[in-house]
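# Working through the structure, step by step
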Amino acid sequence: MSDAPWDRFGATREQWCDWGWQMRQRIRSAEELAKIIPPSEDEAAAIAALGDRFRFVITPYYASLMDRNDSDCPVRRQVVPRLAELDDPVGLADPLDEVAHSPVKNLVRVYPDRVAFCVNNECALYCRYCLRKRMVGDEDWTMKRRELTAAIDWIRRTPEIRDVLLTGGDPLVFADDRLEWLLRELRAIPHVEIIRLGTRLPVTLPFRITDDLVRMLERYHPIWLNTHFNHPRELTPEAAEACDRLTRAGIPVGNQSVLLAGINDDIATMKALCEGLVRLRVRPYYCYQAQLLEGTAHFRVPIERGLDLFEALRGRTSGYAIPLYVLDTPHGKVPLQRSAIRRRDGDYVEVEAWNGGVWRELNPT
Ligand SMILES: *Cc1c(COP(=O)(O)O)cnc(C)c1O
Ligand code: SF4
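What this report covers is the structure whose coordinates are included nearby. What you are looking at is a predicted structure, and each value in this text was computed from that prediction instead of being measured.

### Notes on unusual backbone geometry
- Cis geometry marks the peptide bond from Gly168 to Gly169, where omega comes out at 10°.
- Mapped onto the elements of the fold, Gly169 is located in the loop between strand E3 (163–167) and helix H9 (176–187).
- In this structure, Pro222 follows His221 across a cis peptide bond, with omega equal to -5°.
- Backbone geometry at Asp97 places phi at a positive 55°, although glycine is not the residue there.
- The exposure class assigned to Asp97 is partly exposed, which follows from its relative accessible area of 37%.
- With a phi angle near 85°, Asn106 is a residue other than glycine that sits in the positive phi range.
- The exposure class of Asn106 is buried, given its relative accessible area of 3%.

### Here we look at the sheet that holds strand E5 (residues 223–227)
- The strand order E1-E2-E3-E4-E5-E6-E7-E8-E9 describes an open sheet built from nine strands, whose pairing is mixed. Each end of this open sheet is capped by a strand with a single partner; those strands are strand E1 (107–108) and strand E9 (332–335).
- Against the sheet, helix H14 (residues 303–313) engages strand E6 (253–259), strand E7 (283–289) and strand E8 (324–329), with an angle of about 155° to E8.

### Description of the sheet that holds strand E11 (residues 348–352)
- Across the sheet, which stays open at both edges, the three strands sit in the order E10-E11-E12 with antiparallel pairing between neighbours. The open sheet terminates on both sides in strands that have one partner only, identified here as strand E10 (341–345) and strand E12 (358–362). The mean inter-strand angle of the sheet, taken between neighbouring strand axes irrespective of direction, is 25°.
- Strand direction decides the pairing type here: E10 and E11, joined by four bridges, are antiparallel.

### As for the side chain of His231
- Here His231 shows up in the loop between E5 and helix H12 (237–248).
- A polar atom in the side chain of His231 sits 3.0 Å from the backbone nitrogen of Arg233.
- In this structure His231 touches Pro74, Gln78, Ile263, Thr269 and Leu273, once residues within four positions along its chain are discounted.

### A word on the site of ligand 1
- Neighbouring ligand 1 are the residues Val108, Val110, Tyr111, Arg114, Ala116, Leu165, Arg196, Tyr285, Tyr286, Asp328 and Lys333.
- At a separation of 2.5 Å, an oxygen atom of ligand 1 approaches a polar side-chain atom of Tyr286.
- Between ligand 1 and the protein, one listed contact pairs an oxygen atom with a side-chain N or O atom of Lys333 at 2.9 Å.
- Expressed as a share of its isolated accessible area of 390 Å², the protein-covered part of ligand 1 is 90%.
- Of the pockets mapped on this structure, ligand 1 occupies the largest pocket.
- For the shell around ligand 1, the secondary structure elements donating two or more residues are strand E2 (114–118) and E7.
- Classifying every residue of the shell around ligand 1 by side-chain character gives seven nonpolar, no polar and four charged.

### Here we look at the pairing of E9
- With four bridges connecting them, E8 and E9 associate as antiparallel partners. Bridged to Leu327 within E9 is Val334.
- Where E8 folds back onto E9 in an antiparallel hairpin, the turn is made up of two residues.

### Some points on the packing of H9 against helix H11 (residues 211–218)
- Direction vectors running N to C along H9 and H11 enclose 10°, while the axes themselves pass 11 Å from each other. Viewed along their axes, H9 and H11 adopt a mutual orientation that is roughly parallel. In this structure, H9 uses Asp176, Leu179, Glu180 and Leu183 to contact H11, whose residues at the interface are Asp212, Leu213, Met216 and Leu217.
- The residue inventory of the contact of H9 with H11, partitioned by class, reads five nonpolar, no polar and three charged.

### Some points on the packing of aromatic side chains
- In total, this model carries nine aromatic pairs according to the counting rule given.
- Measuring from ring centre to ring centre gives 5.6 Å for Tyr61 and Phe207, while their planes differ by 80°; the resulting arrangement is edge-to-face. Here Tyr61 is found in helix H6 (residues 60–63), whereas its partner Phe207 is found in the loop between helix H10 (201–204) and H11, with 146 residues between them in sequence. Of the two residues, Tyr61 and Phe207, neither departs from the other in class, the shared state being buried.

What counts and what doesn't
Residues numbered from 1 in each chain as written. Chains lettered and ligands numbered in written order. Predicted model: local features only at pLDDT ≥ 70, side-chain atom pairs only at ≥ 80, totals over all residues. Heavy atoms only, no water. Helix = DSSP H or I, 4+ residues; strand = E, 2+ residues; numbered from the N terminus. Buried < 20%, exposed > 50% of the residue type's maximum accessible area, 1.4 Å probe, protein only. Pairing = 2+ DSSP bridges. Contact = heavy atoms within 4.5 Å. Axes fitted to C-alpha atoms, helices over the stretch in contact; angles between N-to-C directions. Polar contact = N/O pair within 3.5 Å; in protein donor to acceptor, adjacent residues only side chain to side chain. Near = heavy atom within 4 Å. Areas by Shrake-Rupley, 256 points an atom, 1.4 Å probe, with all protein chains shown as cover. 1 Å grid on protein atoms, 1.4 Å probe; cavity = no way out; pocket = protein on both sides within 12 Å on 5 of 7 lines; lining within 4 Å. Sits in = over half its atoms within 2 Å of the grid points. Nonpolar A, V, L, I, M, F, W, Y, C, P; charged D, E, K, R; others polar. Parallel < 35°, antiparallel > 145°, perpendicular 65-115°, else oblique. Phe/Tyr/Trp six-rings, centres within 6.5 Å; stacked < 30°, edge-to-face > 60°.

See below:
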């Protein structure tokens, strides 16, 4: 028997490489998962207990990267529920207070000159530590064209906005024509200088990066794109090809990872991830401190551990391979360095944002 991944899913190679097929064949239940990987007792119980609270969905491609014999596999832990999600007494639904920073539904503004525009609520799969858990995968959030138009109108009326970050959910889950409609509307606004895409699809569904897509994107330059690799195991030939298509279309590709306990919070793994990204011409941009988000205590890493890790990389690899370690706060992102910590108060650390705003973060133990 061949061990090609499409054989395990009873598909042809052609189907496997078709992003529509991948979207339709996504794994959504313990039974479907069991056909590929026997869930551990903990995973099976967690899928049953958490299914309604935060959707469990995995693309066949991403599932094919999971280690079937190890439930601590760093790919598996990102997407398969665990009972530990039920054990987080301090996590919050909206730790960045994004709802309060929303001038109009779907837009989040914490900086004068740029906005995050949540254009949809769907992703190819759902990451268990997702910051937008409160809305992604939730059908009540489905965005109507009228709501997108209202957000575009707000951007049109707000001349300070020079940088629009399309996020979600994942904007590349849209069909090309819908995405093109959005880009065309935004490009028609003279003060919008750059458009950025925040997408995990090069990692979770690399076949989405088709020639047609990049040819369309090229018409709306300057377009920048940030993707979200967390572990070197995700740097597959398929992902490399997706990044190559994007960069050849003149789109600078960056990476935003999240520091996740037991997944990438050790020097060797982070170094391998960042050096692997640079080999793909993807620039590690930010590595986020995991937020105080509901159901994610088992992913959070003490800030000191993050500081030690990024200090250890300095001088030991290319500067290009070292992302900025940041804490996102309701005032914006704060680069984490030892000197950024102004004060400690019990388990809290106090940092100051670019605008002088002070933020106290509970430091994970
Ligand atoms: C991260 C973020 C941005 C972009 O920040 P950069 O530091 O420019 O990458 C813009 N708006 C919001 C709400 C953000 O969270
Ligand atoms: S791809 Fe991004 S937005 Fe979607 S579930 Fe994962 S972290 Fe959340």
